[in-house]
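# Architecture at a glance
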Amino acid sequence: MLERLKEETLEANLEVVKRGLVLYTFGNASGIDRDAGLVVIKPSGVDYDELKPSHMVVTDMEGNIVEGDLRPSSDLKTHLALYKAFTEIGGVVHTHSEHATAWAQAGRDIPAFGTTHADYFHGPVPCTRPLTDDEVNGEYVLNTGLAIIERFKGIDPLAIPGVLVGGHAPFAWGRTPHDAAHNAVVLEAVAKMAFMTVLLNSECGVTSALLDRHYFRKHGAKATYGQN
Ligand SMILES: O=C(CO)[C@@H](O)[C@@H](O)COP(=O)(O)O
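As the structure is a computational prediction, the values presented were derived from the model and not from experiment. (Residues numbered from 1 in each chain as written. Predicted model: local features only at pLDDT ≥ 70, side-chain atom pairs only at ≥ 80, totals over all residues. Heavy atoms only, no water.)

Let us look at the sheet that holds strand E3 (residues 57-60). An order of E4-E3-E2-E1-E5-E7-E6 is seen for the seven strands of this open sheet, with the pairing classed as antiparallel. The sheet is open, and its two borders are formed by strand E4 (65-67) and strand E6 (162-164), each paired with just one other strand. Between one strand and the next, the sheet's axes are offset by a mean angle of 25°, whatever the strand orientation. Its contacts with the sheet place helix H1 (residues 2-18) against strand E1 (28-33), strand E2 (38-41), E3, E4 and strand E5 (91-94), and it is angled at close to 155° to E1. Each of E1, E5, E6 and strand E7 (170-174) is contacted by helix H8 (residues 177-200), which is oriented at about 140° to E7, the strand it contacts most. (Pairing = 2+ DSSP bridges. Helix = DSSP H or I, 4+ residues; strand = E, 2+ residues; numbered from the N terminus. Axes fitted to C-alpha atoms, helices over the stretch in contact; angles between N-to-C directions. Contact = heavy atoms within 4.5 Å.)

Another aspect to go through is the UniProt feature "domain: Class II aldolase/adducin N-terminal" (unreviewed entry) in the chain. Listed under "domain: Class II aldolase/adducin N-terminal" (unreviewed entry) in the UniProt record, and renumbered for this structure, are residues 7-195. Overall, residues 7-195 shows 37% helix and 15% strand. The separation of its end C-alpha atoms is 34 Å. (UniProt positions renumbered as here; feature names shortened; annotations may be inferred.)

Taken together, Thr25, Gly27, Asn28, Lys42, Ser44, Gly45, Ser73, Ser74, Asp75, His94, His96 and His168 form the complete shell of residues around the ligand. Measuring from an oxygen atom of the ligand, one finds a backbone N or O atom of Ser74 at 2.8 Å. In isolation the ligand exposes 370 Å². Once the protein is present, 79% of that is buried. Looking at the shell around the ligand, its residues break down into no nonpolar, ten polar and two charged. (Near = heavy atom within 4 Å. Polar contact = N/O pair within 3.5 Å; in protein donor to acceptor, adjacent residues only side chain to side chain. Areas by Shrake-Rupley, 256 points an atom, 1.4 Å probe, with all protein chains shown as cover. Nonpolar A, V, L, I, M, F, W, Y, C, P; charged D, E, K, R; others polar.)

Here we take up the packing of aromatic side chains. In total, this model carries three aromatic pairs according to the counting rule given. Consider the rings of Phe86 and Phe152, whose centres lie 5.7 Å apart with planes at 50°: the pair is tilted. A residue pair is termed long-range when its members are at least 10 positions apart, and Phe86 in the loop between helix H2 (76-85) and E5 and Phe152 in the loop between helix H7 (144-151) and E6 qualify at 66 residues. Grouping residues by exposure puts Phe86 and Phe152 together as buried. Here the aromatic rings of Phe152 and Trp173 are separated by 5.2 Å at their centres, their planes lie at 75°, and the arrangement is edge-to-face. One end of the pair, Phe152, is in the loop between H7 and E6; the other, Trp173, is in strand E7, and 21 residues separate them in sequence. Residue Trp173 is classed as buried on the basis of its relative accessible area of 0%. Through a chain of ring-to-ring contacts, three or more aromatic side chains come together here, namely Phe86, Phe152 and Trp173. (Phe/Tyr/Trp six-rings, centres within 6.5 Å; stacked < 30°, edge-to-face > 60°. Buried < 20%, exposed > 50% of the residue type's maximum accessible area, 1.4 Å probe, protein only.)

Below is the structure:
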């Protein structure tokens, strides 16, 4: 089971490279074996070209290394926080994909301008709020999972399987590492389409309101809210 999870997690890491979502060692993917209480995550700073299943780091839910000779990703705390808060997810992927990162740096939710977005994200993709000075010096900056969990109060993480960490970059998740990588790829695609949509028609927020009323309700989305 654990060996298979290492392979699946490696495949998720390599998928986001294959789709052009990460440069060099940016980003990281992880998977969880909830029965064993173990998380498998990409090692920190290792070039994807050299990555092997045996390089993957295994930790318990508190981040203690159970298996592996390399340091776990610097985003481990965020992955662990999301697994504890979103109990139905089985994989998390973090990238610095260009368009989603641009929306994150702009501090804006990605509006749902069309069904391409709405088929995967049943609402605007939320962006976390800017951190206060105290938070920048505290745990929040090391564990962006806390900001994500705060932003997802009242939002079903499986209805909207992705987020923009303000000033940083996107995280996506799913029931498996493969699903998480898939959602990360689609998140970048809808971020790019939304960016171009705004350039083509700055008044296009009307579409988003129509989608919000009709499309999401039809799909039983549990959360809709305004854009910031
Ligand atoms: O953006 C960040 C730091 O949060 C990471 O995605 C990136 O530097 C990759 O770090 P790791 O190699 O996973 O430790």
